[in-house]
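A look at the structure
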Amino acid sequence: MIELIRKLTDVNGVSGNEEAAAALIADEMKPYVDEIRTDTLGNLICVKKGKGKRIMLAAHMDEIGIIVTHIDDKGFLRFTGLGGINHFYSLYQKVAFTNGTIGVIGHEEEPGELKDLMLDKMYIDIGAGSREEAVKKVKVGDAAAFIGSFAVNGDMVVSKALDDRSGCAVLIETARQVGDCENEIYFVFTTQEELGLRGAKPAAYAVEPEMAIVVDVSGAGDTPKAKTLPVKCGDGPAIKVMDKSAVSHPEVKQLLVETAKKIGIPYQFKVAAAGGTDAGVISVSRGGVPTAMLAIPCRYIHSPAEMVNINDMANAAKLLAEAVKNA
Amino acid sequence: MKDILKQLTGFSGPPGHEKMLTGFISDLFSKYCDEVKIDKLYNVIGIKRANRGSGTRRKVMVAAHIDEISMMVSDVDERGFIRFAPLGGIDPRILLAQETIIHGRKQVYGVVGTKPPHLISDEEKKKPMEIDKLYIDTGMSRDQLASLVEVGDTITFKHHWTELQNGLVSSKSLDNRGGAAAVIGLLQEADRHGHDIDIVCVATVQEEVGLRGAVTSAYGIQPDTAVVIDACHGDMPGLDSDEVFKLGKGPAIAVGPNIHPQLGAYLKQIAVEQGIPYQVDVEAGNTGTDAWAIQVSRSGIPTVLVSFPLRYMHTTVETVSLEDLDYISKLLAYYINNLGGKLEELAL
Amino acid sequence: MIKDLTAVMGASGDEYDIREEIRKHINNDTYVVTTDSIGSLYAVRKATKSEKKIMVTAHMDELGFMVTSVTDSGMLKIKALGGFDDRVLPSKSVRVGKNKIPGVVGLKPVHLQEGDEKKQNAKMKQLLVDIGCFNKEEAEKLVSPGDYVYYESEFVDMGNGIIKSKALDNRTGCGVLIEVLKEEFDFTLQGCFTVQEEVGLRGAGIAAYNLKPDIALVLEGTTCSDVPGEEEHKVVTRLGQGPAVSIIDRYSYSNRRLVDLILETAKDNNIKVQIREGVGGGNDSGKIQTSLEGIPTAMIAIPCRYIHSPSSVMSMDDFDNTVRLVKAVLRRLENEKELNLSGGKL
């Protein structure tokens, strides 16, 4: 699993520009499914055929990043976030464009206080001396991902884009483990989740699942003076009972709890007063889809150094592989 | 009306967990409907077929949401105090000293704690209240709670029904059990006056968290037209008169882009013809009700919205006039009477 | 034509007149013209050869207001339908209701303002429409709550091909679409004039559901802030620099291959074009792109200064180039055989 997540986070797949991530995931999924296709939004839909219930498992491929909106005379790039980038986390970070160009995020007038820090006062420096030089490497509309190198510390994995490549890794691992199953499973790797759950909406419409489980990361509360969130990295995958986008369907939640108990997987519960996942649009697709959210506890979400416990991911996969058989 | 409303408001229906009252609603619908079903997200759908032929088998969806604002256990601390998150829009200022029920393995009673006045500094009193600093005290220790309550359990307010002067009543969740009660009233009246169109009444779910039940039920039912019943803001001192509606002076009929202009006009016409008082609710966009979701389902559904004035929305002392709910039931019964014919006339 | 289109009063939920005005400009012999349940207008010309269905859409509603109540002194309180800057309201002329009763939005005279009052911007809640009545009864004989209220703004040709008008957002898009519909293509061209975009992209989703196009092009008037006091990187588009191709906005990320195709087409046909540099604002593409199983969508915009105000300014040169560009893009799509925007099996 460590090699898998390293490969997945290494790839640049910023919202709206997920092709490289999709290609990599398609390769990984090939041996375990009967059919793989993409749609107009770039979603990757992998089907393991079956005669029973149609179940959709979803994880988003996109990571937050930036998009260039303007190039000035001196070769500096103006940008805005693709997804919810945080200005504190962005200052002085390095970003990487697909052609390999690296840039550094700077701020007009060194901000004296936090309240002076504003996204529209920031720019990206790619070391070009003029607009002519800059446009040789980058154009308006190009997207870049944050640079956040991968590291392993025992069971803890650090990298950018664990939101939500860890969910993708869980789905791939689930596909590998599931084996014989009556039910039909759609492994859907969605796009543009960070821009507003956009890929999942048409994907769910096309798949028409009878039940869905969404795998994403969710904030852990196990760091110094963290807001009271009894979610700890290493205590198992968290069943997210609710967030701003959805309330997990009680019956699907029960399926996950009973399955976890049956096969002895540690699990915890998460209640989020903020945040959303693809479940928000999948659950209200067509006539409604009973949906639950499974979360990988994660620290420092949306920073270039997100952190998860690899065992939580492994356990999430075990849980899903068994749950889909009992649905 | 009063009895049904009292019973309805007594039930707990947190968004996503409306299963707790779908049985009761199903039973109520069954008294008047030919068919009752509960869908995947717990919307309760009752179909009452036309009892006067126009023969075209059109459907009017009548929707009222049954979920209520609630909370959810987000943590149980080492001493057994319960932290919670809101499900739906809750003003934290109503929470101090509230009585709540936690729906765990058993119903557990708890109160939202509050510091005694002797110990609060003037500074603290001025600060805005934050939900994540509040907690519920059940009197039990963490160990005692372990087998009863867990993170993710829902919490609702305890029911206190108060009858005020002039036919006004006060309780939690009148938003929108009042609407549900009006739907039952409508079914009774429709039986009496007849209707040339199938009535599909829907007790929708998860309105408070994003009109979710309305989206999915409308998609499934594909009605020809829809009527939504919900609460609107009742008058109270300190609010501009054009933002609120008087209690006991009849329902508010909405106008604006969310409402089908001809059907809205027809509804007003019926009110005038039948001598039912009404007020006009000008909505310059999103009405914040199931109507917003239903109007754009599939090929679009011509929709009207009727609201009953309700004071102190989203508190445990919501207050309405029973008369307004009766007016709504009657108004809609007259509206639906020849609605099939009217739809033909408007080529809808 | 732009003069006629912008003169009509029609905001979200009140599009009757603009619908009729637009209908006049569409050839009933070649197009099947219908209206849907929410009031959007469709003009569809069936394919002669190809199976492709391409939807080109522009919303017909403009920004407007509704009367919320009549005060005891006979003045009207109003609420806006869509995104308004309250600061633009004071000292303007308006028309109220079906009978277009004239009114004015007054402001306390400078002479009578005290101290800090001058420095604060008036909020819509405090601004009243004066139709000249002395009390509530008199006013209620002429107007009612729910009546629509519009800016009064005459079309002005400022010379140099520059024009001023209200409602350039989005009667200019409608104008482009009307011109485009005069052209013949061998695929099914679905012209769609949507309603209620300004209050939440309401007509677009229904239209996409009904028309089920293979590709969608959205035409819209967009922010043009090449004016004093604006930082260079916040200008978004420049007047006279041609149609602006949108890459991304608040609710949608244009299909990248479609965007490339549009830019190539502009180059091949020598049409001035610019990139919309900004991510703000929303339009019908936000709803269309994620409709059904997803629809490849792109947005082409006409730069309009002072958008959402009664004195919006546009260059007819940009308008003409937008028409040329859209026609050329459709011609290119007509001939394009290998274009796959919809994914497929891997």
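These numbers were taken from a predicted model, which means no experiment stands behind them. (Residues numbered from 1 in each chain as written. Chains lettered and ligands numbered in written order. Predicted model: local features only at pLDDT ≥ 70, side-chain atom pairs only at ≥ 80, totals over all residues. Heavy atoms only, no water.)

**Points about the interface of chain B and chain C**
How big an interface is tends to be expressed through the accessible area that disappears when the partners come together. Listed by partner, the interface residues are 23 residues for chain B and 23 residues for chain C. Buried area between chain B and chain C, summed over both chains or domains, comes out near 1800 Å², and the portion from carbon and sulfur atoms is 55%. Where chain B meets chain C, there are zero salt bridges. Between chain B and chain C we count eight residue pairs in polar contact (both at pLDDT 80 or more) in total. Within the residue set of the side of chain B that touches chain C, elements represented by two or more residues are β15 (279–282) and α8 (290–294) of chain B. Residue composition of the side of chain B that touches chain C, grouped by class: 11 nonpolar, seven polar and five charged. (Contact = heavy atoms within 4.5 Å. Buried area = accessible area lost by both parts, 1.4 Å probe. Salt bridge = Lys/Arg side-chain N within 4 Å of Asp/Glu carboxyl O. Polar contact = N/O pair within 3.5 Å; in protein donor to acceptor, adjacent residues only side chain to side chain. Helix = DSSP H or I, 4+ residues; strand = E, 2+ residues; numbered from the N terminus. Nonpolar A, V, L, I, M, F, W, Y, C, P; charged D, E, K, R; others polar.)

**Side note on the sheet that holds strand β17 (residues 312–315) of chain C**
Two modes of strand pairing occur in sheets, parallel and antiparallel, and in both the strands are linked by backbone hydrogen bonds. Residue and element names in this part refer to chain C. With antiparallel pairing, three strands are arranged side by side in an open sheet as β10-β11-β17. Looking at strand neighbours, the two that pair on one side only are β10 (156–159) and β17, the edges of this open sheet. The average undirected angle you get between the axes of adjacent strands in this sheet is 30°. The pairing of strand β11 (residues 162–165) with β17 spans four bridges and is classified as antiparallel. Residue pairing across strands places Ile162 opposite Ser315, the latter belonging to β17. Strand contacts of helix α4 (residues 168–180): β11 and β17, with the helix running at about 30° to β17, the strand carrying the most contacts. Lying over the sheet, helix α8 (residues 316–335) contacts β11 and β17, oriented at roughly 60° with respect to β17. (Pairing = 2+ DSSP bridges. Axes fitted to C-alpha atoms, helices over the stretch in contact; angles between N-to-C directions.)

**Comments concerning the pairing of strand β5 (residues 76–82) of chain A**
Residues and elements named next belong to chain A. Judged by how many residues are buried, β5 sits mostly within the fold: six of seven residues are covered. Across six bridges, the pairing between strand β4 (residues 65–71) and β5 is antiparallel. Note that in β5 the partner of Val68 across the bridge is Phe79. What sits between β4 and β5 in their antiparallel hairpin is a turn of four residues, with Gly75 showing a positive phi close to 90°. Direction of pairing for β5 relative to strand β8 (residues 122–125): antiparallel, over a ladder of two bridges. Bridge pairing in β8 links Phe76 to Asp125. (Buried < 20%, exposed > 50% of the residue type's maximum accessible area, 1.4 Å probe, protein only.)

**Here we look at the side chain of Asn17(A)**
With respect to the element layout, Asn17(A) can be found in the loop between α1 (2–10) and α2 (19–29). On the accessibility criterion, Asn17(A) (15% relative accessible area) is buried. Among the polar contacts made by the side chain of Asn17(A), one reaches the side chain of Arg256(C) at a distance of 3.4 Å. Setting aside residues no more than four positions away along its own chain, Asn17(A) makes contact with Asn12(A), Leu82(A), Ala143(A), Tyr253(C) and Arg256(C).

**Some thoughts on the pattern of salt bridges**
Pairing between side chains of opposite charge can happen when the charged atoms of each approach one another. Scanning the entire structure with this criterion turns up 53 salt bridges over all chains. The partner of Lys240(A) in a salt bridge is Asp243(A), with the nearest N and O atoms 2.9 Å apart. For Asp243(A), a relative accessible area of 5% translates into the label buried. Linking Lys182(C) and Glu179(C) is a salt bridge whose minimum nitrogen-to-oxygen distance equals 3.1 Å.

**Some words on the interface of chain A and chain C**
The partner chain C presents 31 residues to the 33 residues of chain A that form the contact. A per-residue breakdown of the area chain A buries against chain C is headed by Thr40(A), His70(A) and Arg198(A), which together make up 24% of the total. Counting across the chain A and chain C interface gives three salt bridges. Measuring nitrogen to oxygen at the nearest pair gives 2.8 Å for the salt bridge that ties Arg256(C) to Glu19(A).

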